Amino acid sequence: MTVQHLTFGHLRRHFRALGTLLFAAVFALTAAAQSNSGTVSGTVTDSTGAAIPGASLKLFNAVSGYSQATTSDAQGHFQFPNVPFHGYSLNAASTGFQTFSRAVSVDSAVGVTIPITLSIATSSETITVDAPMDLVESDPTSHTDIDRSLISHMPIESASSELSAIVTQASPGVAADSNGMMHGLGDHAENSFSIDGQPITDQQSKVFSNSVPAAAVQSLEVIEGAPPAEYGDKTSLVVKATTRSGQGVTTPTGEINASYGSFGSSSVGFDLSYGGKNWGNFIAASGLNTARFLDSPEFTVLHDQGNETNLFDRIDVQPGINDTLHFNVQYTRSWFQTPNDFENLGVQDQNGNTLGNTDQRSRIETVNFSPSWTHTISSTAVSNLGFYVRRDSYNYYPSHNPLLDFAPSQQQESVAQQRSLMNTGAHGDISYVKGIHNAKAGFMYEQTFLRENLQTGLTDPGANAPCLDSDNNPVNGYTSTTQCSSAGYFANNGTNYNAANPNASALPTPFAPVLLGYDFTRGGSYYSWHGRADVKQLALYAQDQITAGPWQINFGVRGDFYNGLTIQRQAEPRTGLSYTIKKTGTVLRISYARTQETPFNENLVLSSTGCADAVIYAVFNVTGGCTSNTATPFNPGFRNEFHAGISQSIGSHFVFTGEYLWKYTHNAYDFSVFGTTPITFPIEWHNSKIPGYAISFAMTDWKGISGQFNASSVAARFFSPQIGGVGAVPASASTTANVYTPFRIDHDERFNETTHVQYNMPFRKSLWYGVNFRYDSGLVAGAAPCYNANASANTDCLGFSLDANGNPLTQGGQPLINLSRLTADQQFQAGLVCNGVKATPTAGFDQCLSSQLTSNLIKIPASGTEDADKSPTRIAPRALFDMAMGDDDLFHFHHDRYKFSARVTAINVTNKYALYNFLSTFSGTHYVTPRSVTGELAFHF
């Protein structure tokens, strides 16, 4: 076991004292969970102090679109529960009185109390107390706010991964990837979610888990800046979600909806809010069935059926004036096929017999239960205590005949898996707001139980062949190297007996006798592997936000204690500073954070210890190679990140935000993939350097038009060697003397931008039209063809540029690219064209002159210019348009109590033929969604 101590010595005593204080406070004062929302309450009176019942009050934010309305009761009291942290405008009006308006800031669980005095109307003027809500926020940490008003109208590409699709489209700095995967600010899915205060730091892509349904979300706050001390683990992007509540909804309110669209996609769902002054219940349920559940390796959809069932329930109970109980319950089940490519059709066995089509499938079940208790200590202090249990159960099913899982150059084995990941934890905090201080101290303890079961066996007759022919090609039908010489062949023992043959191929992996019993082409069966681990994490933190005039200062410190397959302790200071220039509507900000970067939990045990198993070691030597034949546990990384930015309001409807960032990480994480399956393994690189910028431009509602523009450019520079886990080291890592060779990871993208515009028709406010535009310059491609024969260069092209003897490939003195390592279908997927002839799924090229090889799907660098760091092969740029049009009040009856709505959503309107990625080490090859159209009808009550 590796032990690292990365604490600051002078802070050790501080953490001991802080830990004692926190635990004493938590259990003596009854604290509760870290929360993402607060309350706004007060009393409406006239100038004599008499209560005004029935006054209309509205709390809203012009930038995010959030809006909540209520009326004062018989005593003039009002309350807005479950208000996401943000700045708001509060308006109050009553017949015969002047309208009241005030700016309100909700940035703590400590309730905000606003006494409102209405003056008798002498004119139509509005009484404004303080200034109206600023369009820009003074917080030193940059973030994006997304409200339900946007969530419910935005055209969303994937109904099975709505939450990640919304974040990708509506916030800056996110590189879009296949299957709902999002890469925030240059990191591979280093994202965490805080759902009503519950931390979720495991993968939320639909091939890993099931996220909270979008129907349950009231608002999102996406933190792109340096994370405050209360957040840890995975912090490149922190998504704070506040779910919908039924508290205060005294009349049952909800909707029933159904939709149908392209690929036979159909869905049904409902949600219901109901409650009283001191209690509430929100419940949402939905079902989805589609013939295109995952993004496919072919633009033509093959074997891609899937379905998903969602149930979410939130219960709020306020048993006393100082206490609130909150319960979240979620159950989600998804089942889906692994999409086929053309090579998975009509699969043949080693004797040439046609067996049928590949039929691999997955099932994921997610169960989540999270109760919490909020206690008001005083008018300036609130405490919270929460517990949670979340379990993801993942099952991967192979084809009924293991030999059907063979795909040339892609999947050389059949695999089955039963994996579970269960988080159990407690978290609490005390919030204190008084004067210039907004302080919080808290803790988080989590234990993650990992259970991994894997069955695998070889399906490629050439993967572990005992005998080779005179061209070094594997020979079928033999089970021992002793059988080779008598049959006129050569033993596959690592010796090149055919070195003198200029046509001989490179030697394959030597025959491993340990795999013979697990080779289906030689009568073998599945090999079973079992792994388990318990990962314990403790975090203690304290932070304070100090407001002094135009200055706002954040200071915090966090201590993370990680005890998994390795042990690490990390002290993490966090700080930020902002300065607001009220006159010009300008906010200048800088921030810094040190963070602990923990390894991904998905298949962590297999990737860390599997290579110590003789059979697993031999299997991965065939498919990519272990870094060693011993256990290689992951050490948590540590990061220093810096942010500097500006926010600027322009007039009364426009806001610009820009930020530059630098992130330096030691022990940086990525994933590698098992063949063409969704089974992935975490891997660890020596370090990474990620500089870049993110900008956004928002337009609040102006005559029915609102919109948002986001853009970013982030360089994801990783450095070899690989220091942990299963996975292939890039060819560039072994071609230079400098072992710390930089390369662009496959989620690196030079530039991307998203634009969303919505227009509510002036002649019918309920009729609206929305459009999304997204431009991506292209992620780094995987094993894409290119030419660079310089063996001392930092290049990934050598496998395409050199012959078996290491000499540059040329024809007539011109650079020649060897394409034989790609199958015909892979060449077709890459859109390769050689001298005007297009590759097809069944007819490719063995070689092509570099000057004659082109593609409209990938960008191939000019001969001799490819560099793994400065100019890697990339996916070609793409521009996608999505549109939606609907009417929120198609017709209504019973005094507007009941109404119908309808909408039509079109994804990839131009039917753009483009790739997300190509032979990515993480996710393989995937195309964007072909044009799809979906119609939805809903009944609201």
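Residues numbered from 1 in each chain as written. Predicted model: local features only at pLDDT ≥ 70, side-chain atom pairs only at ≥ 80, totals over all residues. Heavy atoms only, no water.

Under an unreviewed UniProt entry, the name given to the protein chain is TonB-dependent Receptor Plug Domain, and the organism recorded is Bryocella elongata. Taken verbatim from the UniProt record of the protein chain, the Subcellular location (unreviewed entry) comment is "Cell outer membrane". (UniProt positions renumbered as here; feature names shortened; annotations may be inferred.)

Q: Explain the sheet that holds strand E45 (residues 832-834) here, please?
A: Two strands in a sheet stick together by hydrogen bonds in their backbones, pointing the same way (parallel) or opposite ways (antiparallel). Pairing in this open sheet of three strands is antiparallel, and the strands run E46-E45-E48 from one edge to the other. The outermost strands of the open sheet, each flanked by one partner alone, are strand E46 (837-838) and strand E48 (853-855). Where E45 lies against E46, two bridges are found, and the strand directions are antiparallel. Across the sheet, the residue bridging to Val833 is Lys838, located in E46. (Pairing = 2+ DSSP bridges. Helix = DSSP H or I, 4+ residues; strand = E, 2+ residues; numbered from the N terminus.)

Q: Explanation requested: the state of the cysteines in the structure shown.
A: Note on terminology: disulfide describes a covalent bond linking the sulfur atoms of two cysteines. This structure, assessed with the given rule, holds three disulfides. One disulfide in the model links Cys786 with Cys797; its S-S distance is 2.0 Å. Taking the torsion about the sulfur-sulfur bond, which here is approximately -115°, the covalent link between Cys786 and Cys797 counts as left-handed. Of this pair, Cys786 sits in the loop between strand E42 (767-776) and helix H6 (798-801) while Cys797 sits in the loop between E42 and H6; the two residues are eleven residues apart in sequence, bridging distant segments of the chain. By the burial criterion, Cys786 is buried, and Cys797 matches it. The side chain of Cys834 participates in a disulfide bridge whose partner is Cys848; the two sulfur atoms lie 2.1 Å from each other. Across the S-S bond linking Cys834 and Cys848, the dihedral sits near 100°, which makes this disulfide right-handed. (Disulfide = S-S within 2.5 Å. Buried < 20%, exposed > 50% of the residue type's maximum accessible area, 1.4 Å probe, protein only.)

Q: What's the story with the domain arrangement of the protein chain in this structure? I'm lost.
A: One frequent convention defines the size of an interface as the accessible area lost when the parts assemble. According to the domain assignment, the protein chain contains domain 1 (37-117), domain 2 (143-243), domain 3 (253-454 + 529-759), domain 4 (465-511) and domain 5 (784-872). Centre-to-centre, using C-alpha coordinates, domain 1 lies 65 Å away from domain 5. (Domains from an automatic or database assignment.)

Q: When you look at the UniProt feature "domain: TonB-dependent receptor plug" (unreviewed entry) in the protein chain in this model, what are you seeing that I'm missing?
A: The positions that UniProt labels "domain: TonB-dependent receptor plug" (unreviewed entry) are, in the present scheme, residues 146-234. Spanning residues 146-234, this segment combines 15% helix with 26% strand, and its end C-alpha atoms are found 21 Å apart.

Q: Help me understand the side chain of Thr242 in this model?
A: Of note, Thr242 is situated in strand E17 (residues 237-243). Excluding residues that lie within four positions of it along the chain, Thr242 makes contacts with Asn36, Ser37, Asn82, Pro84, Asp196, Val217, Gln218 and Ser219. (Contact = heavy atoms within 4.5 Å.)

Q: Any chance you could explain empty space enclosed by the protein here in plain terms?
A: Rolled over the atoms, a probe as big as a water molecule pinpoints where empty space is left. Taken as a whole, this structure holds ten cavities of 30 Å³ or more when the rule is applied. Estimated volume of the largest cavity: approximately 170 Å³. What lines the largest cavity is a set of 16 residues, among which Pro199, Thr201, Glu230, Tyr231 and Gly232 lie closest to the centre. Residue assignment for the lining of the largest cavity shows that the elements contributing at least two residues are strand E14 (191-195) and strand E28 (437-458). Broken down by element, the lining of the largest cavity gets its largest block of residues, three residues, from E14. (1 Å grid on protein atoms, 1.4 Å probe; cavity = no way out; pocket = protein on both sides within 12 Å on 5 of 7 lines; lining within 4 Å. Points joined across faces, edges and corners; volume = space filled by probe spheres on them.)

Q: How should I be thinking about the pairing of strand E7 (residues 99-106) in this particular structure?
A: As a general feature of sheets, a regular strand has side chains that alternate between the two faces. Strand direction decides the pairing type here: strand E6 (residues 86-93) and E7, joined by seven bridges, are antiparallel. Directly across from Leu90, in E7, lies its bridge partner Arg102.

Q: Looking at this model, I keep getting lost on the sheet that holds strand E43 (residues 810-811). Mind explaining?
A: Taken in spatial order, the three strands make up an open sheet running E43-E44-E47, and their pairing is antiparallel. Either end of the sheet is taken by a strand with one partner, and the two such strands are E43 and strand E47 (847-849). Pairing of strand E44 (residues 814-818) with E47 involves three bridges; the strand directions are antiparallel. Bridge assignment links Leu816 to a residue of E47, and that residue is Leu849.

Q: Where do I start with the packing of aromatic side chains in this structure?
A: Each aromatic ring pair is summarised here by two numbers: the centre-to-centre distance and the angle between the ring planes. With the rule as written, the count across this model stands at 29 aromatic pairs. With centroids separated by 6.0 Å and ring planes inclined at 65°, the aromatic side chains of Phe299 and Tyr927 adopt a geometry described as edge-to-face. Placement of the pair is Phe299 in the loop between strand E20 (279-290) and strand E21 (306-320) and Tyr927 in strand E54 (residues 924-927), with a sequence separation of 628 residues. On the accessibility criterion, Tyr927 (0% relative accessible area) is buried. When the ring of Phe900 is compared with that of Phe939, the centres are 5.1 Å apart and the planes differ by 45°; the resulting orientation is tilted. (Phe/Tyr/Trp six-rings, centres within 6.5 Å; stacked < 30°, edge-to-face > 60°.)

Q: Sorry, what's going on with the confidence of the model for the protein chain here?
A: In regions of low pLDDT, the predicted coordinates are not meant to be interpreted in detail. Here the protein chain shows a mean pLDDT of 90. Residues at 70 or above account for 93%. At the low end of the mean pLDDT range in the protein chain sits strand E1 (residues 3-6), at 38; at the high end sits E45, at 98. Contacts from residues 1-34, a stretch scored under 50 in pLDDT, to residues over four places away or in other chains number 90 contacts. Counting interchain partners and residues more than four positions distant, the pLDDT-below-50 stretch residues 728-738 has 28 contacts. (pLDDT = per-residue confidence, 0-100.)

Q: How do you make sense of the pattern of salt bridges when you look at a structure like this?
A: A full pass over the atoms with the stated rule returns 23 salt bridges. Two residues, Glu221 and Lys240, come together in a salt bridge whose shortest N-O distance is 3.5 Å. With a gap of 19 residues between them, Glu221 in strand E16 (residues 217-223) and Lys240 in strand E17 connect regions that are remote in the sequence. The same class applies to Glu221 and to Lys240, which are both buried. The shortest N-O distance in the salt bridge between Asp560 and Arg558 comes to 2.9 Å. No difference in accessibility class separates Asp560 from Arg558, as the two residues are buried. (Salt bridge = Lys/Arg side-chain N within 4 Å of Asp/Glu carboxyl O.)

Q: Sorry if this is basic, but what is going on with the nonpolar core here?
A: The tendency in soluble globular proteins is for nonpolar side chains to be buried as a group. One finds Leu515, Trp529, Ile616, Phe620 and Ile679 to be the most contacted residues of the largest nonpolar core, which totals 44 residues. Going through the elements one at a time, strand E26 (381-397), strand E27 (413-434), E28, strand E31 (527-548), helix H4 (604-609), helix H5 (614-623) and strand E36 (654-673) are the ones with two or more residues in this core. For this core, the element with the most residues is H5, which contributes six residues. Residue contributions to this core reach at least three from each of two domains, namely domain 2 (143-243) and domain 3 (253-454 + 529-759). The residues touching Ile679, leaving out its near neighbours within four places in the chain, are Tyr394, Tyr396, Val415, Gln417, Asn603, Ser672, Val673 and Phe674. With 31 residues, the next largest nonpolar core counts Met154, Ala170, Val239 and Phe282 among its residues. (Core = buried A, V, L, I, M, F, W, Y, C linked by side-chain atoms within 4.5 Å.)

Q: Could you clarify how one ought to interpret helix H3 (residues 162-170) in this entry?
A: Side chains of residues three or four places apart in an α-helix project in the same direction, reflecting 3.6 residues per turn. Burial within H3 is extensive, with eight of its nine residues counted as buried. Buried residues of H3: Leu163, Ser164, Ala165, Ile166, Val167, Thr168, Gln169 and Ala170, and no others.

Q: Please clarify how the environment of Val217 should be interpreted in this entry.
A: Position of Val217 relative to the elements: it lies in strand E16. Val217 gets classed as buried once you look at its relative accessible area, which sits at 1%. Residues Val217 and Lys899 lie 682 residues apart in sequence; the distance between their C-alpha atoms is 22 Å. The contact partners of Val217, leaving out residues within four places of it in the chain, are Arg148, Ile151, Leu163, Val212, Thr242, Thr243 and Arg244.

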